[in-house]
Amino acid sequence: MPNNNDETIGYSRKHIRFGWWALLVFLTLGFGLEILHGFKIRAYLDVSNETRRFMWTLAHAHGSLLSLVHVLFGVCLRVMPELGTRNLRLSSWSLVGASFLLPGGFFLGGMFFYSGDPGLGIVLVPIGGTLLGIAIYLIARSTEHLRQTLPSAKQKSKNKPN
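This structure is a prediction, so every number in the text was calculated from the model and none was measured.

Parameters and conventions
- Residues numbered from 1 in each chain as written.
- Predicted model: local features only at pLDDT ≥ 70, side-chain atom pairs only at ≥ 80, totals over all residues.
- Heavy atoms only, no water.
- Helix = DSSP H or I, 4+ residues; strand = E, 2+ residues; numbered from the N terminus.
- Buried < 20%, exposed > 50% of the residue type's maximum accessible area, 1.4 Å probe, protein only.
- Core = buried A, V, L, I, M, F, W, Y, C linked by side-chain atoms within 4.5 Å.
- Phe/Tyr/Trp six-rings, centres within 6.5 Å; stacked < 30°, edge-to-face > 60°.

A. Molecular detail of unusual backbone geometry. The phi dihedral of Asn 87 falls on the positive side, at around 50°, and the residue is not glycine. Tracing the backbone shows Asn 87 in the loop between helix H3 (50-79) and helix H4 (88-111). Look at Asn 87 and you get partly exposed, because its relative accessible area is 36%. Its identity is not glycine, yet Ser 115 carries a phi of approximately 50°, on the positive side. With respect to the secondary-structure elements, Ser 115 resides in the loop between H4 and helix H5 (124-142). Exposure remark for Ser 115: the relative accessible area of 81% places this residue in the exposed category.

B. Layout of the nonpolar core. Listed in full, the 10 residues of the largest apolar core are Leu 33, Tyr 44, Met 55, Trp 56, Leu 58, Ala 59, Leu 66, Leu 102, Phe 106 and Val 125. Among the secondary structure elements, those contributing two or more residues to this core are H3 and H4. By residue number, the principal contributor to this core is H3, which donates five residues. The next biggest cluster of nonpolar side chains, apart from the first, holds nine residues, and it includes Tyr 11, Leu 95, Ala 135 and Ile 139.

C. Summary view of the packing of aromatic side chains. Tallied over the full model, the rule gives three aromatic pairs. Taking the centre distance of 5.8 Å and the plane angle of 70° together, the rings of Phe 18 and Phe 100 count as edge-to-face. Of this pair, Phe 18 sits in helix H1 (residues 4-38) while Phe 100 sits in helix H4; the two residues are 82 residues apart in sequence, bridging distant segments of the chain. Phe 18 sits in the partly exposed class, given a relative accessible area of 23%. Relative accessible area serves as the criterion here: at 55%, Phe 100 is assigned to the exposed category. With centroids separated by 6.3 Å and ring planes inclined at 20°, the aromatic side chains of Tyr 44 and Trp 56 adopt a geometry described as stacked.

This is the structure in structure tokens:
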């Protein structure tokens, strides 16, 4: 059975890898949206398709941001391995789930829409948002002990030689 530090490093690598690949996917989606806009594709630009344009823009924005959150989480796990001591598996899976469901729900909501309302894919968004909230809460909670383990400024000044 691997020790906790090996497991933390494994999760760190997973999130950094996932984050960079997801960023490539969502930036490519953004480039595709720019092409649709640049070539004045009516299925994207017409006023009747405003819902599609808005939903796909939200998918691109949320996906890109969540990709960067993965990279940041992976780097934080490497720099502060003690972040991985509590609920690491649940934090990781919640963050990955949110990264699929939030942008995926927006994208599917824009793919098929009815009278200006997003399609049924939009139901994935609150589930993804909940998973993101769980992940961020667990990660934030795991930082509580960092305050206690770092020496305070008073302790540093006492230890300095005169």
